[in-house]
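Residue strings, one per chain:
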Amino acid sequence: KLYRATSSSGYYTQIYYAATPSYTDSGSHLSASTTYYYKVTAGNSSGDSSYSSVGSATTWAPIPAIPSAPTITATGTTSFDISWTSVNGTTTYQVYRATSLTGTYKQIAWPTTNSYTDSGTHLSASTTYYYQIKAGNGTGYSDFSSAGSGTTWADIPAIPSAPTVTTTGSTSFDSSWTAVSGATAYQLYRSPSLNG
């Protein structure tokens, strides 16, 4: 049982009762610039323990309002570039995805910026994906944004195989590599050691 008061020796009100040893106290019932004190009892069928020692924490001044929902845009065919309007007072966002507009949305990312790229083998060909965003801060999370969506191609290209590279030179280096079927770009990397 978790109890809360606004002074260490004041009247404690029970605010939580469960079998799990943690709880997040949040919401509009908390006041700004206020120290809250907490203590716990542990119980079973025989009764409750004595009170624990007291823990405390102080709210900000003022407590930030829960952000409003952002506006989302999703574009792409083999991967989706998702962006949304920045929301004042937001410290993190939650990205959700579903395969139908009114289906079950699963959280897939927690970016701190207002964009995210959804890519990889988990995306299926010829499928429309729907995305929604929540904006959050220390107080809580907004409602879902409106949904953005995009449809993958009928045939998502396979990831290319690795090329074979050849490098020659002494004062400068000429590197060349085998062309790879299906590749649209190459990335060249350099290191001063083989395993660096």
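We now turn to the structure provided with this report. These numbers come from a predicted model, not from an experiment.

Structural notes on the environment of Tyr131
Among the secondary structure elements, Tyr131 is positioned in strand β12 (residues 128-136). Spatially, the C-alpha atom of Tyr131 lies 8.0 Å from that of Ile72, the residues being 59 residues apart in sequence. At 2.6 Å, the side chain of Tyr131 and the side chain of Asp118 are in polar contact.

Description of the sheet that holds strand β7 (residues 72-76)
Strands sit in the order β7-β8-β11 across an open sheet of three strands; the sheet is antiparallel. The strands lining the two open edges of the sheet, one partner per strand, are β7 and β11 (115-118). Taking the axes of each pair of neighbouring strands and ignoring which way they run, one obtains an average angle of 20° across the sheet. Here strand β8 (residues 80-84) pairs with β11 via four bridges, running antiparallel. Its bridge partner being in β11, Asp81 is matched across the sheet by Thr117.

A closer look at the sheet that holds strand β3 (residues 35-40)
Spatial strand order, β2-β1-β3-β6: four strands in an open sheet with antiparallel pairing. Strand pairing shows two members of the sheet lacking a second neighbour, β2 (13-16) and β6 (55-58), which therefore form its edges. Each strand axis lies, on average, 35° off the axis of its neighbour in the sheet, ignoring direction. With three bridges joining them, strand β1 (residues 2-5) and β2 adopt antiparallel strand pairing. What sits directly across from Arg4, in β2, is Thr13.

Structural notes on the side chain of Lys134
Following the sequence through the fold, Lys134 ends up in strand β12. Salt bridges are absent for the buried Lys134, whose nearest opposite-charge side chain, Asp143, sits at 6.8 Å. Those residues within four positions of Lys134 in sequence are excluded, and the remaining contacts are Thr92, Tyr93, Gln94, Tyr96, Tyr141, Ser142, Asp143 and Phe144.

Some words on the packing of aromatic side chains
Overall, the coordinates contain eight aromatic pairs when judged by the stated rule. Grouped by ring-pair contacts, the aromatic residues Phe80, Tyr129 and Tyr131 constitute a single cluster. The ring of Tyr12 carries Lys39 above its face, with NZ or CZ at 4.1 Å from the centroid. The aromatic ring of Tyr51 is capped on one face by Lys39, whose charged end is 3.9 Å from the ring centroid.

A few points about a nonpolar patch on the surface
On the surface, Val165, Trp177, Tyr186 and Leu188 cluster together into a nonpolar patch covering about 410 Å² of accessible area. Mapped onto the elements of the fold, Trp177 is located in strand β15 (residues 173-177).

Let's talk about unusual backbone geometry
Positioned with a positive phi, Ser33 is a non-glycine residue whose angle comes to about 50°. Looking at the secondary structure, you find Ser33 in the loop between β2 and β3. Here Ser126, not a glycine, exhibits a phi torsion of approximately 55°, which is positive. Its location among the elements puts Ser126 in the loop between β11 and β12.

Digging into the pairing of strand β13 (residues 148-151)
Of the two faces of β13, only the one carrying Gly148 and Gly150 is buried; Ser149 and Thr151 on the other face are not. In terms of strand pairing, β12 meets β13 through four bridges, oriented antiparallel. If you follow Tyr129 over to β13, its bridge partner there is Gly150.

Here is what the cut-offs are and how they apply
- Residues numbered from 1 in each chain as written.
- Predicted model: local features only at pLDDT ≥ 70, side-chain atom pairs only at ≥ 80, totals over all residues.
- Heavy atoms only, no water.
- Helix = DSSP H or I, 4+ residues; strand = E, 2+ residues; numbered from the N terminus.
- Polar contact = N/O pair within 3.5 Å; in protein donor to acceptor, adjacent residues only side chain to side chain.
- Pairing = 2+ DSSP bridges.
- Axes fitted to C-alpha atoms, helices over the stretch in contact; angles between N-to-C directions.
- Buried < 20%, exposed > 50% of the residue type's maximum accessible area, 1.4 Å probe, protein only.
- Lys, Arg positive; Asp, Glu negative; His and termini not counted.
- Salt bridge = Lys/Arg side-chain N within 4 Å of Asp/Glu carboxyl O.
- Contact = heavy atoms within 4.5 Å.
- Phe/Tyr/Trp six-rings, centres within 6.5 Å; stacked < 30°, edge-to-face > 60°.
- Lys NZ or Arg CZ within 6 Å of the ring centre and 35° of its normal.
- Patch = residues over 30% accessible without salt bridge, like charges linked within 9 Å, V, L, I, M, F, W, Y side chains within 5 Å.
- Areas by Shrake-Rupley, 256 points an atom, 1.4 Å probe, with all protein chains shown as cover.

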